[in-house]
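Examining the three-dimensional arrangement
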Amino acid sequence: MVTITIDGNVCEVPANMTILEAAASVGIKIPTLCYLKDLNEVGGCRVCVVEVEGAEHLVAACNNTVLDGMVVHTNTPKVRAARMTNVELLLSQHDSSCTSCVRSGNCTLQTVANDLGIYRLPYKKHVEHNSWDRTFPLIRDNEKCIRCLRCIQVCEKVQGLGVWDLTNRASHASVDVRGRKPITEVDCAACGQCITHCPVGALRERDDTERVFDAMADPNKVVMFQIAPAVRTSWGEELGLSREEATVERLCSLLHAMGASYVFDTDFSADLTIMEEGSELLHRIAEHDAGGEDAPALPLMTSCCPGWVRYVKARYPQFVPQVSTSKSPQQMFGAMAKTHYADVLGVEAKDAFCVSVMPCVAKKTEAALPTMVGESGDPDVDVALTVREVVRMIRASHMDPASYEDRELDRPLGFGTGAGVIFGTTGGVMEAALRSAYFLVVGENPAPDAFKEVRGCDGWREAVFDLNGRELRVAIAHGLANAGKLLDALERGAVHYDFVEVMACPGGCVGGGGQPIHDGVELADERTAVLRALDHDAQIRFSHENPDVAACYRDFLGEPLSELSEKLLHTDHTA
Ligand code: HC0
Ligand code: SF4
């Protein structure tokens, strides 16, 4: 421990702490812009500069550690003048059209500039534009980029992708796709992590909200929403609702009031996915264990995260045959809604318009895959919205969410079990699959929490279970850099698994790239706790006990992996 003085407060702090952290520990919030804990501590923006007695120059608080006896001043006239100049220089290269910016009100540059009292810009503006394919779900507006390098760091260090790079020099330095290629020509997973880690509006998702408003206004369209598991943990965060108030039932109420014909639950199709993927796993293990020349390889890998599927297709194509052929819950929902359930609901398939509410940007790419279409060529899912887009739609509809009552989701696609709910967090798909695989093999349910060893937040973790005398080795990875390490180890033969779950985003969908943005605050753990509680309290915690899923097999599909199930609910990942 060392003793330091910050703005007159004498405090004892650990010797390896930064000045920024030491100040925070005594309630002094030094402003930052480029800083991202553990990922970007370069002191580049110079907004966090402070005065240290005895030092010749101002020092960056984010990457200088405390020394015993240090005396720090965080808000002297000299400090304020330096911060103002640094921010004014940034603003001279920034398109400050706040009124038409998606991050207005949630922009760290805006906050820092406002807090410093910058109301006039002394420097001449010079704003660099970039060209961009605006049909791609991820959009970069370089005129808003402040070159904080956070997108470069998160893409490289967390996702192991390296899509972004710094180009040009000095005052012309900017961030662009590595090699200045079009975004569609590099291995972007479209996970959206660069968006959620951008402090300003330089990165965002393609806005598809008008297409949904138009469909709801069209008397010939029957607009069916599905709400993803992880959305129920987060949609109220930017609307002033507590976690208790922001229930999925209240969101259902709002979507109905907005013009939805039906509001269903992706948890239903998550349960359906477990039936298909669990059966596929058991099948594959049996064929593998029987041996022979054509025996399929293990592990089977999950397929529900389109960021991960894009990654494996681009970087490790040799593993594609091991990715489950089961479509994701989003896509299974669309395929079922536009066939069997259109019949059940008395809707013509051509009039059904499926909208999914997802914590994800990559789901937009998945919905647009040429393989994810019905017989008429219509997409199974017409529009995939992020949580942020839905929040904007609620705002645009001038609704006060707090005044809406809960409303039960519509049936029969609106009921999911606790197993379906936990899909939204890392390890959840694995746990849900193991619960049902155990039942299918043993003939009776395990304790619902029998597989809790797969929970946790380690980036790559493994567990071994006994499945009726057969050892089942499983692994879970989240964050694509961790997935890459796992695949490399598999390739080297250093590890052997039967079943692997990968989610591209840290924490799984709770930490998804389409979730509400809280700069510098990671909420994946807090959101996971919501899903775990919903599972814990659910009356039914096994996908195979979902009565609506059972009815779906009884009345339409027959059984998991039937010819019809294969046709509607599986894909070969060739597109
Ligand atoms: Fe997910 Fe999903 S769990 S990927 O994160 O499997 O987006 O929440 O909807 O499809 O269910 C996202 C979340 C889903 C799908 C489900 C899976
Ligand atoms: Fe999308 Fe979830 Fe995958 Fe992230 S982890 S890319 S939010 S499906």
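An unreviewed UniProt entry lists the protein chain under the name 2Fe-2S iron-sulfur cluster binding domain-containing protein, with Collinsella acetigenes as the source organism. Under the Subcellular location (unreviewed entry) heading, UniProt states for the protein chain: "Membrane". The UniProt entry for the protein chain carries the following text under Sequence similarities (unreviewed entry): "Belongs to the complex I 75 kDa subunit family."

1. What to know about the overall build of the protein chain
Along the backbone of the protein chain there are 19 helices and 17 strands. Scaling as 2.2 N^0.38, a compact globule of 575 residues should have a C-alpha radius of gyration of about 25 Å, and the protein chain matches this with 25 Å. Considered along the principal axes of its C-alpha atoms, the protein chain spans approximately 75 × 55 × 45 Å. Taking the intrachain contacts of the protein chain between residues at least 6 apart in sequence as the baseline, contacts between residues at least 24 apart amount to 73%.

2. Considering the UniProt feature "domain: 4Fe-4S His(Cys)3-ligated-type" (unreviewed entry) in the protein chain
Following the UniProt record, the feature "domain: 4Fe-4S His(Cys)3-ligated-type" (unreviewed entry) maps to residues 78–117 here. In the segment residues 78–117, helix accounts for 57% and strand for 0%; the C-alpha atoms at its two ends are 15 Å apart.

3. Points about the site of ligand 2
Among the 16 residues in the neighbourhood of ligand 2, the closest are listed as Cys305, Gly307, Cys360, Cys505 and Gly512. Elements that contribute at least two residues to the shell around ligand 2 include exactly helix H9 (306–315) and helix H12 (362–367). Looking at the shell around ligand 2, the element that brings in the most residues is H9, giving three residues. Here the shell around ligand 2 is composed, by residue class, of 11 nonpolar, four polar and one charged.

4. Description of the site of ligand 1
In the neighbourhood of ligand 1, 20 residues make up the surrounding shell, with Ala228, Ala230, Cys304, Cys360 and Cys509 lying closest. If you list the elements that add at least two residues to the shell around ligand 1, you get helix H8 (266–290) and helix H10 (329–337). Taken together, the residues that form the shell around ligand 1 break down as 13 nonpolar, six polar and one charged.

5. So, the domain arrangement of the protein chain
By a widespread convention, an interface's size corresponds to the accessible area lost as its parts come together. We note that the domain assignment places domain 1 (2–75), domain 2 (92–205) and domain 3 (211–267 + 331–403) within the protein chain. Centre-to-centre separation of domain 1 and domain 2, based on C-alpha positions: 26 Å. Across the contact, 10 residues belong to domain 1 and 13 residues belong to domain 2. Here the side of domain 1 that touches domain 2 is composed, by residue class, of eight nonpolar, two polar and no charged.

6. Observations concerning the pairing of strand E13 (residues 352–358)
Most of E13 sits inside the fold, with seven of its seven residues counted as buried. Residues Ala352, Cys354, Ser356 and Met358 point to one face of E13 and Phe353, Val355 and Val357 to the other, with burial holding for every one of them. Pairing of strand E10 (residues 222–227) with E13, which is carried by six bridges, proceeds in the parallel orientation. The residue of E13 that forms the bridge with Gln226 is Ser356. Here E13 runs beside strand E14 (residues 383–386); their pairing, made up of four bridges, is parallel.

7. Examining the nonpolar core
Judged by nonpolar contacts, the single largest core of 161 residues is most densely connected at Met224, Phe225, Trp308 and Ala504. With residues near it in sequence (within four places) discarded, Phe225 still touches Leu255, Ala260, Tyr262, Val263, Phe264, Val355 and Val357.

8. Considering helix H13 (residues 387–396)
For H13, the set of buried residues is Val387, Arg388, Glu389, Val390, Met393 and Ile394. Those residues of H13 that are buried lie in contact with strand E9 (203–205), helix H6 (209–217), helix H7 (248–258), E13 and E14. Downstream of H13 by one or two residues, His398 has phi in the positive range, about 55°.

9. Describing the sheet that holds strand E11 (residues 262–265)
Reading across the sheet, the four strands line up as E11-E10-E13-E14 and stay open at both edges, with parallel pairing between neighbours. A strand with exactly one partner marks an edge of an open sheet, and here the two such strands are E11 and E14. Taken pair by pair, the neighbouring strands of this sheet meet at an average axis angle of 25°, ignoring direction. H13 rests against E13 and E14 of the sheet, and its axis sits at about 85° to E14.

10. Concerning the environment of Met275
Note on placement: Met275 falls in helix H8. Classification of Met275 by C-beta neighbours within 10 Å gives buried; the count is 27. Separated by 121 residues in sequence, Met275 and Val154 place their C-alpha atoms 35 Å apart.

11. Some points on the packing of H8 against helix H18 (residues 547–557)
Two numbers describe how H8 lies on H18: the axes approach to 9 Å, and their chain directions differ by 60°. In terms of their interaxial angle, H8 and H18 are classed as oblique. Judged by the twist between their axes, the crossing of H8 over H18 is right-handed. Two secondary-structure elements touch here, H8 through Phe268, Asp271, Leu272 and Met275 and H18 through Asp548, Val549 and Cys552. Grouping the amino acids of the contact of H8 with H18 by side-chain chemistry returns five nonpolar, no polar and two charged.

12. As for the packing of H8 against helix H15 (residues 428–442)
Their axes nearest at 9 Å, the elements H8 and H15 cross at an angle of 60°. Between H8 and H15, the interaxial angle falls into the category oblique. Every pair of crossing elements has a handedness; the one defined by H8 and H15 is right-handed. Mapping the contact onto sequence places Ile274, Met275, Glu277, Gly278, Leu281 and Leu282 in H8 and Ala432, Ala433, Ser436, Ala437, Leu440 and Val441 in H15.

About the thresholds
Residues numbered from 1 in each chain as written. Chains lettered and ligands numbered in written order. Predicted model: local features only at pLDDT ≥ 70, side-chain atom pairs only at ≥ 80, totals over all residues. UniProt positions renumbered as here; feature names shortened; annotations may be inferred. Helix = DSSP H or I, 4+ residues; strand = E, 2+ residues; numbered from the N terminus. Rg over C-alpha atoms; globule rule 2.2 N^0.38 Å. Contact = placed C-beta atoms within 7 Å. Near = placed C-beta within 6 Å. Nonpolar A, V, L, I, M, F, W, Y, C, P; charged D, E, K, R; others polar. Domains from an automatic or database assignment. Buried ≥ 20, exposed ≤ 12 C-beta atoms within 10 Å, placed from the backbone. Pairing = 2+ DSSP bridges. Core = buried A, V, L, I, M, F, W, Y, C linked by C-beta atoms within 7 Å. Axes fitted to C-alpha atoms, helices over the stretch in contact; angles between N-to-C directions. Parallel < 35°, antiparallel > 145°, perpendicular 65-115°, else oblique. Left-handed = near helix turned anticlockwise from the far one by under 90°.

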